[in-house]
Amino acid sequence: MSRKIQPSEITPEALYISRRRFIKKAFLSTSASLLIASCSTQESDINPTLDPELSAFSSQTDDQGNILTPYNDITGYTNYYEFSTSKTQPTELAKNFVTDPWIIKIDGLVNNPTTLDRDQLLSMFESEERIYRMRCVEGWSMVIPWKGFPLKKILDIVEPTSDAKYVRFETVFDPEQMPGQNNPSFPWPYVEGLRMDEAYHDLTLLATGIYGKNLTPQNGAPVRLVVPWKYGFKSIKSIVHIEFVDEMPVSLWMAVGPSEYGFYANVNPNVDHPRWSQATERRIGESGRIETQMFNGYEDEVAALYEGMDLTINF
Ligand SMILES: Nc1nc2c(c(=O)[nH]1)N[C@H]1C(S)=C(S)[C@@H](COP(=O)(O)O)O[C@H]1N2
Ligand SMILES: [Mo]
């Protein structure tokens, strides 16, 4: 999603193969015992590394009946510019990224500023599982079973004052561990923001995991934001600072390309990116393209937040 890089897409072949594997796994998870019992010649098809934690998700779908994107695609095809602008390199480059210990500072216009460490974050609220579609501004999407908790649970603890109008999020700045942060074309650290009502919305999550497992480094460990009705870039990774402010934060992408990336970044098939259409998307792991939905299909839940706003101006 940078100015230099065209919206690139993973090789369809690789995805097709991994999709086939996933479907096979999902099938085997329910029928493996039968196959073994019958001493079938298909026995060699059984994957000995079948992960029971992943197969527990095999029959799940999102609220529109879409099947989940395979774990290997979610963790193998990522956008994490602090490591690399490539989709596949962050997996390797982030392998040894230290996310424990980890401290998040939460302050600004609140009654109860606080800091939380990783263990507190991962255990202070009961984890919920939320299956959300995620639509990248580049035109691809995934269906992801997140683990996490609504951001509003944190807001209820720190109590933003009436002066707080926005929340500003910041990713860790650590160029020694994050080679991409030596790339001077970006104003590090990565920053994102939400309006207060967006932050309080029940769909808005702080995510700590995917498929029941803790987040991988390349997906934003130990904790990231997830805002399913907005383009993926709003869902900032590896957060170290949450600050309540009275002015609209300038996100990294607004700073890099103000005519291309706005503050709201709501998924909207009717408002094209200046360089490409946003009307359709490709679901990772599937072939062809599907129509992009207003607010990424969460219109009933969130349209009221933007009533009366011109979404071609507030893009
Ligand atoms: N800190 C940080 N957060 C980030 C990004 C990034 O480069 N750095 N990329 C964003 C973009 S463009 C998208 S589409 C999503 C991708 O999330 P995923 O890689 O877990 O699928 O993360 C978002 N959060
Ligand atoms: Mo993205």
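These notes cover the structure that comes with them. Keep in mind that this is a model prediction, so the values were computed, not measured.

**Looking at the site of ligand 1**
- Residues in contact with ligand 1 amount to 17 residues; listed here are only the nearest, Tyr81, Glu82, Arg224, Ser235 and Lys237.
- Note that an oxygen atom of ligand 1 is positioned 3.0 Å from one of the backbone N or O atoms of Asn79.
- The contact in question runs from an oxygen atom of ligand 1 to an N or O atom on the backbone of Tyr81, over 2.8 Å.
- In isolation ligand 1 offers 540 Å² of accessible surface; the protein chains occlude 100% of this area.
- According to the grid-proximity analysis, the pocket containing ligand 1 is the largest cavity.
- Among the residues forming the shell around ligand 1, the class breakdown is 8 nonpolar, 6 polar and 3 charged.

**A short note on the pairing of strand β6 (residues 191-195)**
- Where burial is concerned, most of β6 is hidden: 5 out of the 5 residues are buried.
- Covered by surrounding structure in β6 are Val191, Gly193 and Arg195 together with Glu192 and Leu194, the residues of both alternating faces.
- In terms of strand pairing, strand β5 (residues 166-171) meets β6 through 5 bridges, oriented antiparallel. Within the sheet, the bridge partner assigned to Tyr166 lies in β6 and is Arg195.

**Digging into the sheet that holds strand β2 (residues 114-117)**
- Within the open sheet, the 5 strands sit side by side as β2-β1-β10-β5-β6. Their pairing is mixed. Of all strands in the sheet, those bounded by a partner on one side alone are β2 and β6. Each strand of the sheet is rotated relative to its neighbour by a mean of 15°, with strand direction disregarded.
- Examined bridge by bridge, strand β1 (residues 103-108) and strand β10 (residues 239-245) share 4 bridges and lie parallel to one another. Its bridge partner being in β10, Ile106 is matched across the sheet by Ile242.

**Notes on empty space enclosed by the protein**
- Per the counting criterion, the structure on display carries 2 cavities of 30 Å³ or more.
- By volume, the largest cavity amounts to about 320 Å³.
- Looking at the largest cavity, it is lined by 24 residues, and the ones nearest its centre are Asn79, Tyr80, Arg224, Gly232 and Lys237.
- Considering each element in turn, the lining of the largest cavity owes the most residues, 4 residues, to strand β4 (residues 140-150).
- Taken together, the residues of the lining of the largest cavity sort by class into 15 nonpolar, 6 polar and 3 charged.
- In this structure, the second largest cavity spans a volume of roughly 40 Å³.

Rules behind the numbers
Residues numbered from 1 in each chain as written. Chains lettered and ligands numbered in written order. Predicted model: local features only at pLDDT ≥ 70, side-chain atom pairs only at ≥ 80, totals over all residues. Heavy atoms only, no water. Near = heavy atom within 4 Å. Polar contact = N/O pair within 3.5 Å; in protein donor to acceptor, adjacent residues only side chain to side chain. Areas by Shrake-Rupley, 256 points an atom, 1.4 Å probe, with all protein chains shown as cover. 1 Å grid on protein atoms, 1.4 Å probe; cavity = no way out; pocket = protein on both sides within 12 Å on 5 of 7 lines; lining within 4 Å. Sits in = over half its atoms within 2 Å of the grid points. Nonpolar A, V, L, I, M, F, W, Y, C, P; charged D, E, K, R; others polar. Buried < 20%, exposed > 50% of the residue type's maximum accessible area, 1.4 Å probe, protein only. Helix = DSSP H or I, 4+ residues; strand = E, 2+ residues; numbered from the N terminus. Pairing = 2+ DSSP bridges. Axes fitted to C-alpha atoms, helices over the stretch in contact; angles between N-to-C directions. Points joined across faces, edges and corners; volume = space filled by probe spheres on them.

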